[in-house]
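# Chain and residue survey
Listed below, chain by chain, are the residues.
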Amino acid sequence: MGGSFRPPERNPNAQAGNAMVSQELTTPELKNARKARHTPRFFNMNRLTPYFFLAPAGAVLAVALLYPIGYMIYASFLRWNPSQRIHEAEWIGLRNYSNLLNDPNFIESFFVTLKFASVVVTLEMVIGVGLALLLDRKIRGMSVLRTIFILPMMIAPIVVGLMWRYMYHPSVGILNRTLKSWGLDPIPWLSDPDWALPSVIIADVWQWTPFIFILSLAALQSLPQSALEASRIDGASTWQQIIHIKLPLMLPVLIIAGLLRLIDAFKVLEVILVLTNGGPGLSTEILSLRISRTTSEFRELGEAAAMSNYLLLLLLVITLGMFLFNKVMDMRQQRLRAAAQEAS
């Protein structure tokens, strides 16, 4: 009838190519890729691995930080004294917060805290950055000078308070003895409300200026030397280099250093406790000292917790403001760099 059926001839080259493709498709890498493509993204182990490593640190952070803050917030809604367990305390809602806003002593301590922290941080930043700019050069014996400058930071706050208390002594203190030798009248450093807060500020500035100095010096030594060399070639003076190159490049480090010192200034306790114990009157009673006194002397744990929350809120607002300022300055510097690159 027309011949028998013949199957199509197979091309040996095509068979070899198909075998190679099938072999390639069975490699372990392609199998893993195919499996990952068909696996839901939520169950992708490669994506979840970093979270497994972060889980222990997150658990420690939650226990060590979030739980005490939540406990303090809850305690601020109670009328609670140390003789009671927390479940036995009376729930009073926001009464602790409203009572504090109507308490003139708390308001005065709040403004004393703001005054102390702002003056202390400003002086420490100016002196610390100035010392770093002064000592950022090759001078014989500079390593010894740097070591001497950071010694006050290593002394315990209690020892600093006792040391300055003897120095401020009205009759045998070295400061008043020096004034008498110059023919001047002695100063009531710790007994006069007008001099008590400046005396505490001097002690704190003496102790913690080295902290700003160390960070500022590290920031100076990490600056790109190419920018400084280019400014010298262009004829920039030392002051022009400081104002237009060094300080702008140091700004992120300076903001972090100032923020750390500001947070710590709001928590100063030992030095003021030893020097003045908040007196005379309320002239040196900052919030940390008032919180401690409310807890130990007045035995009002709920009110002390409300004060702590006010202080925490203030620090959060200041921290957010400084980070926003840092972000704005970074964006400004990026725009300036972009404009300079376009101009070049």
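Rules of the game
- Residues numbered from 1 in each chain as written.
- Predicted model: local features only at pLDDT ≥ 70, side-chain atom pairs only at ≥ 80, totals over all residues.
- Heavy atoms only, no water.
- Phe/Tyr/Trp six-rings, centres within 6.5 Å; stacked < 30°, edge-to-face > 60°.
- Helix = DSSP H or I, 4+ residues; strand = E, 2+ residues; numbered from the N terminus.
- Buried < 20%, exposed > 50% of the residue type's maximum accessible area, 1.4 Å probe, protein only.
- Contact = heavy atoms within 4.5 Å.
- Axes fitted to C-alpha atoms, helices over the stretch in contact; angles between N-to-C directions.
- Parallel < 35°, antiparallel > 145°, perpendicular 65-115°, else oblique.
- Left-handed = near helix turned anticlockwise from the far one by under 90°.
- Core = buried A, V, L, I, M, F, W, Y, C linked by side-chain atoms within 4.5 Å.
- Patch = residues over 30% accessible without salt bridge, like charges linked within 9 Å, V, L, I, M, F, W, Y side chains within 5 Å.
- Areas by Shrake-Rupley, 256 points an atom, 1.4 Å probe, with all protein chains shown as cover.
- Salt bridge = Lys/Arg side-chain N within 4 Å of Asp/Glu carboxyl O.

This part covers the packing of aromatic side chains. Per the counting criterion, the structure on display carries 14 aromatic pairs. The rings of Y74, F77, W91, Y97, F106, F110, F111 and Y310 are connected pair by pair, giving a single aromatic cluster.

Following the sequence through the fold, W189 ends up in the loop between α8 (174-181) and α9 (193-221). Along the chain, W189 and R165 lie 24 residues apart, while their C-alpha atoms are 9.3 Å from each other.

Looking at where I158 falls in the secondary structure, it is placed in helix α7 (residues 157-167). For I158, a relative accessible area of 40% corresponds to the partly exposed category. Separated by 114 residues in sequence, I158 and I272 have C-alpha atoms that sit 9.3 Å apart. Residues in contact with I158, not counting those within four places in the same chain, are E270 and V274.

On to the packing of α9 against helix α11 (residues 238-265). For any two helices packed against each other, the geometry comes down to the angle between their axes and how far apart the axes lie. Close contact between α9 and α11 brings their axes to 9 Å; oriented N to C, the two are set at 150 degrees. By the angle class used here, α9 and α11 are roughly antiparallel. The crossing of α9 and α11 is right-handed. On the side of α9, the interface is formed by D204, W208, F211, I212, L215, S216, A219 and L220, while α11 contributes K246, M250, V253, L254, A257, L260, R261 and D264.

Ranked by internal contacts, the top residues of the largest apolar core, which has 55 residues, are F116, F266, I272, L275 and I286. At the level of secondary structure, the elements contributing two or more residues to this core comprise α4 (95-101), α5 (104-135), α7, α9, α11, α12 (270-275), α13 (287-296) and α14 (301-343). Counting residues per element, this core draws most heavily on α5, which supplies 11 residues. Sequence-distant contacts of L275, defined by excluding residues within four places in its chain, comprise G161, W164, R165, Y168, L190, V200 and A203. Within the second largest apolar cluster, 7 residues are counted, among which are A75, L78, I86 and L301.

Let's shift gears to a nonpolar patch on the surface. A cluster of nonpolar residues, V144, L145, I148, F149, L151 and M154, forms a patch on the protein surface that exposes about 540 Å² of accessible area. You can see L145 is positioned in helix α6 (residues 142-149).

Take unusual backbone geometry next. The omega torsion across G279 and P280 is -10 degrees, close enough to zero to call that bond cis. Its place among the elements puts P280 in the loop between α12 and α13. A positive phi angle, near 55 degrees, is found at R299, a position not held by glycine. Looking at the element boundaries, R299 is found in the loop between α13 and α14.

Another point: the pattern of salt bridges. Taken as a whole and judged by the stated rule, the model has 9 salt bridges. The residue E124 makes a salt bridge to R261 at a minimum N-O spacing of 2.7 Å. Of this pair, E124 sits in helix α5 while R261 sits in helix α11; the two residues are 137 residues apart in sequence, bridging distant segments of the chain. Given the relative accessible area of 0%, E124 is considered buried.

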